[in-house]
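Below, each chain spelled out in residue letters.
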Protein chains: 2
Amino acid sequence: MQDDRQASGQAKRKRLDPRQREREIVEGAVLYFSEVGFSGSMRDLAARLGISHALLFRYFPTKEALVDRVYERLFLSRWNPAWDALLDDRSVSLSERLMRFYAQYLAAIDNPAWVRTFVYAGLAGFNINQRYLKLIERKVIAPVARDLEKLAGRHGPAASEKALELSWGLHGEVFYLAIRRWIYGTRVTTDVEGFVALIVTKFLEGAPAALQPVRRARIRASPLTPGS
Amino acid sequence: MQDDRQASGQAKRKRLDPRQREREIVEGAVLYFSEVGFSGSMRDLAARLGISHALLFRYFPTKEALVDRVYERLFLSRWNPAWDALLDDRSVSLSERLMRFYAQYLAAIDNPAWVRTFVYAGLAGFNINQRYLKLIERKVIAPVARDLEKLAGRHGPAASEKALELSWGLHGEVFYLAIRRWIYGTRVTTDVEGFVALIVTKFLEGAPAALQPVRRARIRASPLTPGS
DNA sequence: CGCTATAATGACCATACGGTCAATAGTCTA
DNA sequence: TAGACTATTGACCGTATGGTCATTATAGCG
């Protein structure tokens, strides 16, 4: 019972180096807000950190400032620079590149803090999401779409709308796995590599075919009676 | 300016039939909570409805009761019974069935109230999501996975793990479109039918191949091979 | 029209929130 | 060890929240 944590009553007041205290606060805030959302209170967070809530306001003038910092910590500087080279390396097959990238990307984002905070931010209407998705579009979606066009035998400077949609589709499958796991709380596969191999294969086998207009026209969507 | 709405000052107190008032409250709550999340206040909601917040408590004893009602309204009774027959109709090709179903399904859920509330509920940890996804798995994912196995030449009573994952992937692509539109606020295609045709084609062309373990190794994307 | 049942309200309560500030207590240096 | 610097705190403020209740006013009826 000589554990000096807050469990068995009063924790002793500890005087830390401000930079370390700040790190602890940010770290704790990342976890806390990812769990309860940004309507969580400063008092609750402070209690979890074992400090008074007044101290939080010494390090961050407002709650909004703390939240901004959490965003920054989670999303900016989350892109691995090595991925640029990986996605661009034409000496490696597209299949290989996609599998490697998405396995690593999924591993990077597949945690509750990232996924939940990202979605919380989207619901709250922050611009962070749109900025982040623009980055994804530029660095992942568009290049993949261009490679896809090449794979389908088409040549052109820019990727078509359809190729972009298909590329977003692949991305969506990856993200949806994380959503099912961390937002809906359902049990999903833990075999990340296997999952990525599966959907990348599906993508490379199916997407070029879907790009051919003739094949699509072959399929008729006859609308059912418009109900309800 | 003889409009008797709340815009030009005081709205006259109106005495409605309780059932209609209740309907108005639920309808308004669905919209309100989908916009601001469930941390929205009863007073705010009441102001939007042009009534006092005390009246809300006459119809719903607690805020939680209102929220429950919103869930019920949005998710239960949202499954179109015609879809059961549609998905099960073996006289129609799987391609046709998938395109029809997902075009209608997407049309049904592709609105801010549904998508945002569903995700809010997931973040809040309600069981509604898991119940709903179990329904989706039973009625959509599993049957599609079985049909997929058949398409790939496999026969068995139950669908394999991989087939289920692939089927979830298709579903995820559809849902991700709605997420991009209503949660991230990015501009995405409004051509629902075209989008669904695209990803269903990709699914049917790619997923059977992805199910074959041998085929996966065969894939060699050789981009930029000069002289081909 | 006058009466009544009850839909609707305003004022109120306890609590929880973001934010402030003077007082307190660790830690490091002389 | 004495002192000073400052990280940390408890008490406090104004506001907003979920929820209650006696009072008020409106629609329907005789």
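For clarity, every value in this text was computed on a predicted model and none was experimentally measured. Note that residues are indexed from 1 along each chain, following the sequence as it is written. For naming, the first written chain is A and the first written ligand is 1, with later ones following in the order written. Given that the model is predicted, a residue must reach a pLDDT of at least 70 before its local features are reported, and side-chain atom pairs must reach 80 or more before they are shown or counted; all residues, however, enter totals for whole chains, interfaces and linings. The basis for every side-chain value is the complete set of heavy atoms in the structure, and neither hydrogens nor water enter the calculation.

**Re helix α10 (residues 192-211) of chain B**
Residues and elements named next belong to chain B. Compared with an ideal rise of 1.5 Å per residue, which puts 20 residues at 28 Å, α10 spans 27 Å between its outermost C-alpha atoms and is within 8% of the ideal. Bend, at a single residue, is the angle you get between axes fitted to the 7 residues ending at that residue and the 7 residues starting at it. What counts as a helix is a DSSP run of H or I of at least four residues, what counts as a strand is a run of E of at least two, and both are numbered from the N terminus. Within α10, the axis deviates most sharply at L204, by approximately 25°, and proline P208 lies no more than four positions further along. Only protein chains enter the accessibility calculation, which uses a 1.4 Å probe. A residue is then buried if its area is under 20% of the maximum for its type, exposed if over 50%, and partly exposed in between. Here α10 lies mainly inside the structure; 18 of its 20 residues are buried. One fewer than the residue count of a helix, multiplied by 1.5 Å, yields its expected span.

**Focus: the interface of chain B and chain A**
Contacts are assigned to residue pairs with any non-hydrogen atoms lying within 4.5 Å of each other. Taken together, the 56 residues of chain B in the interface contact 56 residues of chain A. Buried area is calculated as the accessible area (1.4 Å probe) missing from two parts once they are joined, with the contributions of both summed. Interface area for chain B against chain A, summed over the two sides, is near 5,000 Å², with a carbon-plus-sulfur share of 67%. Salt bridge criterion: a side-chain nitrogen from Lys or Arg within 4 Å of a carboxyl oxygen from Asp or Glu. The tally of links between chain B and chain A comes to four salt bridges. In this structure, A:K202 engages B:E173 in a salt bridge whose closest nitrogen and oxygen atoms are separated by 3.5 Å. Within 3.5 Å is the distance limit for a polar contact, defined as a pair of N or O atoms, with the added protein rule that one can donate a hydrogen and the other accept it, and that residues adjacent in sequence qualify only through two side-chain atoms. Scanning the region where chain B abuts chain A turns up eight residue pairs in polar contact (both at pLDDT 80 or more). Residue assignment for the side of chain B that touches chain A shows that the elements contributing at least two residues are α6 (94-109), α7 (112-124), α8 (128-151), α9 (161-182), α10 and α11 (213-218) of chain B. If one sorts the elements of the side of chain B that touches chain A by residue count, α9(B) sits on top with 14 residues. Side-chain classes are defined by residue name, with Ala, Val, Leu, Ile, Met, Phe, Trp, Tyr, Cys and Pro counting as nonpolar, Asp, Glu, Lys and Arg as charged, and the others, Gly among them, as polar. Tallied by class, residues from the side of chain B that touches chain A come to 27 nonpolar, 16 polar and 13 charged.

**Concerning the confidence of the model for chain A**
Residue and element names in this part refer to chain A. Confidence of the predictor in every single residue is expressed as pLDDT, which spans 0 to 100. Per-residue confidence for chain A gives a mean pLDDT of 89, with 89% of residues at or over 70. Predicted confidence is poor over residues 1-9, with pLDDT under 50, and the contacts of this stretch with residues over four places away or in other chains come to seven contacts. Note that pLDDT drops below 50 for residues 215-228; the model gives that stretch 20 contacts with residues more than four away or on any other chain.

**Quick look at the protein's contact with DNA strand D**
We call a residue near a molecule or strand whenever a single non-hydrogen atom of that residue lies within 4 Å of it. Around DNA strand D there are 26 residues in total, and A:R21, A:R58, B:R15, B:R43 and B:K63 lie nearest to it. Per the 4 Å cut-off to the protein, sugar and phosphate atoms form 62% of the nearby atoms of DNA strand D. Here a phosphate oxygen of DNA strand D and a backbone polar atom of A:K14 are 2.8 Å apart. Taking B:S41, its side chain carries an N or O atom lying 3.4 Å from a phosphate oxygen of DNA strand D. Residue classes in the surface near DNA strand D are distributed as 10 nonpolar, six polar and 10 charged.

**Section: the pattern of salt bridges**
Tallied over the full model, the rule gives 28 salt bridges over all chains. Note that A:R154 is salt-bridged to A:E149, the shortest N-O span being 3.6 Å. Of the residues examined, A:R154 reaches a relative accessible area of 32% and is grouped as partly exposed. Here B:R73 ties to B:E27 by a salt bridge, and the two come within 3.0 Å at their closest N and O atoms. One end of the pair, B:R73, is in helix α4 (residues 63-74); the other, B:E27, is in helix α1 (residues 18-36), and 46 residues separate them in sequence. The network of salt bridges with shared partners includes A:E173, A:K202, B:E173 and B:K202.

**Quick look at the protein's contact with DNA strand C**
Near DNA strand C lie 25 residues; those nearest to it are A:R15, A:R43, A:K63, B:R21 and B:R58. Close to the protein, within 4 Å, the atoms of DNA strand C belong to sugar or phosphate groups at a rate of 62%. The separation between a phosphate oxygen of DNA strand C and a polar main-chain atom of B:K14 is 2.7 Å. The separation between a phosphate oxygen of DNA strand C and a polar side-chain atom of B:R21 is 2.7 Å. When residues of the surface near DNA strand C are traced back to their parent elements, those giving at least two are α2 (42-49) and α3 (53-59) of chain A together with α1 and α3 (53-59) of chain B. No other element matches α3(B), which puts four residues into the surface near DNA strand C. Among the residues forming the surface near DNA strand C, the class breakdown is 10 nonpolar, five polar and 10 charged.

**A short note on the nonpolar core**
Nine residue types can take part in a nonpolar core, namely buried Ala, Val, Leu, Ile, Met, Phe, Trp, Tyr and Cys, and a core is a set of them joined through side-chain atoms within 4.5 Å. Judged by nonpolar contacts, the single largest core of 151 residues is most densely connected at A:W114 and B:W114. Of the residues forming this core, the biggest block, 12 residues, is contributed by α10(B). Among all residues touching B:W114, those that are not within four sequence positions of it are B:L74, B:F75, B:R78, B:Y105, B:I109, B:Y132 and B:F175.

**Observations regarding the packing of aromatic side chains**
All names here are of chain B. Within 6.5 Å between ring centres, the rings of Phe, Tyr and Trp (the latter by its six-membered ring) count as paired, and their orientation is classed by plane angle as stacked under 30 degrees, edge-to-face over 60, tilted in between. Inspection of the entire model under this criterion finds 50 aromatic pairs over all chains. Ring centres of Y102 and Y105 lie 6.3 Å apart, and the angle between their planes is 85°; this geometry places the pair in the edge-to-face category. Placement of the pair is Y102 and Y105 together in helix α6, with a separation of three residues, close to one helical turn. Here Y102 falls in the buried class, since its relative accessible area comes to 1%. Judged by its relative accessible area of 2%, Y105 is buried.

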